[in-house]
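# Results of the structural survey
These are the residues of each chain, in order.
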Amino acid sequence: MDQIMVVYWSSTGNTEAMAKCIGEGVKEAGKEAKVVDMDSISAAELKDCAVFALGASAMGDEELDEGTADPFVSDVEAFASGKKIALFGSYDWGDGEWMRKWVERMQNAGAEIVGGEGLICNNDPQPDDEEACRELGKKLASL
């Protein structure tokens, strides 16, 4: 597998910035990264990928976006068993509860969460967050 899919939904651009940094990490590790917005891809295109990343920002009461992200994730759940999935996203309030729920949801679908937990950052990624995203990309490329 030479290409790693990094699929995201971003309400403000912060999760998109994280996705791009993850893609940079994948490339630094010698693999090709395809960074794409959830609105531009169908979940079915991930079905044959053993390893990929999904990102979405927190919305409302720390939930996935009901219009795009949640339906996309529901579609992925149908084939998530045995997949290695990195989860990431940004938030503005709360404590990351949406990510903990998302991790549990994907684990219940049989996915292995890369790193054991989702990668989150508060608002726009700072240099430390960007580095954590690049490291996550390198980890994806090594699987």
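Here the structure is a predicted model, which is why all the values come from computation and not from measurement.

## Looking at the packing of helix α1 (residues 14-28) against helix α4 (residues 127-142)
It is at 6 Å that the axes of α1 and α4 come closest, and there the two elements cross at 45°. With respect to α4, the element α1 is oriented oblique. In this structure, the crossing between α1 and α4 has a hand that is right-handed. The residues of α4 that touch α1, namely those facing Met-18, Cys-21, Ile-22, Glu-24, Gly-25, Val-26 and Glu-28, are Glu-130, Cys-133, Arg-134, Leu-136, Gly-137, Lys-138, Leu-140 and Ala-141. The residue inventory of the contact of α1 with α4, partitioned by class, reads 8 nonpolar, 2 polar and 5 charged.

## Brief notes about the nonpolar core
Counting residues in each nonpolar core, the largest one holds 31 residues, and the members touching the most others are Leu-46, Leu-54, Val-76, Trp-102 and Met-106. Among the secondary structure elements, those contributing two or more residues to this core are β1 (3-9), β3 (51-56), α2 (69-77), β4 (84-91) and α3 (97-108). Examining the composition of this core, we find that 5 residues originate from one element, α3, more than from any other. Here Met-106 is in contact with Val-73, Val-76, Glu-77, Ala-80, Ile-85, Leu-87, Ala-111 and Ile-113, once residues within four sequence places are set aside. One finds Ile-4, Ala-86, Leu-136 and Leu-140 within the second-largest nonpolar core, a separate group that totals 19 residues.

The rules behind each value
Residues numbered from 1 in each chain as written. Predicted model: local features only at pLDDT ≥ 70, side-chain atom pairs only at ≥ 80, totals over all residues. Heavy atoms only, no water. Axes fitted to C-alpha atoms, helices over the stretch in contact; angles between N-to-C directions. Helix = DSSP H or I, 4+ residues; strand = E, 2+ residues; numbered from the N terminus. Parallel < 35°, antiparallel > 145°, perpendicular 65-115°, else oblique. Left-handed = near helix turned anticlockwise from the far one by under 90°. Contact = heavy atoms within 4.5 Å. Nonpolar A, V, L, I, M, F, W, Y, C, P; charged D, E, K, R; others polar. Core = buried A, V, L, I, M, F, W, Y, C linked by side-chain atoms within 4.5 Å. Buried < 20%, exposed > 50% of the residue type's maximum accessible area, 1.4 Å probe, protein only.

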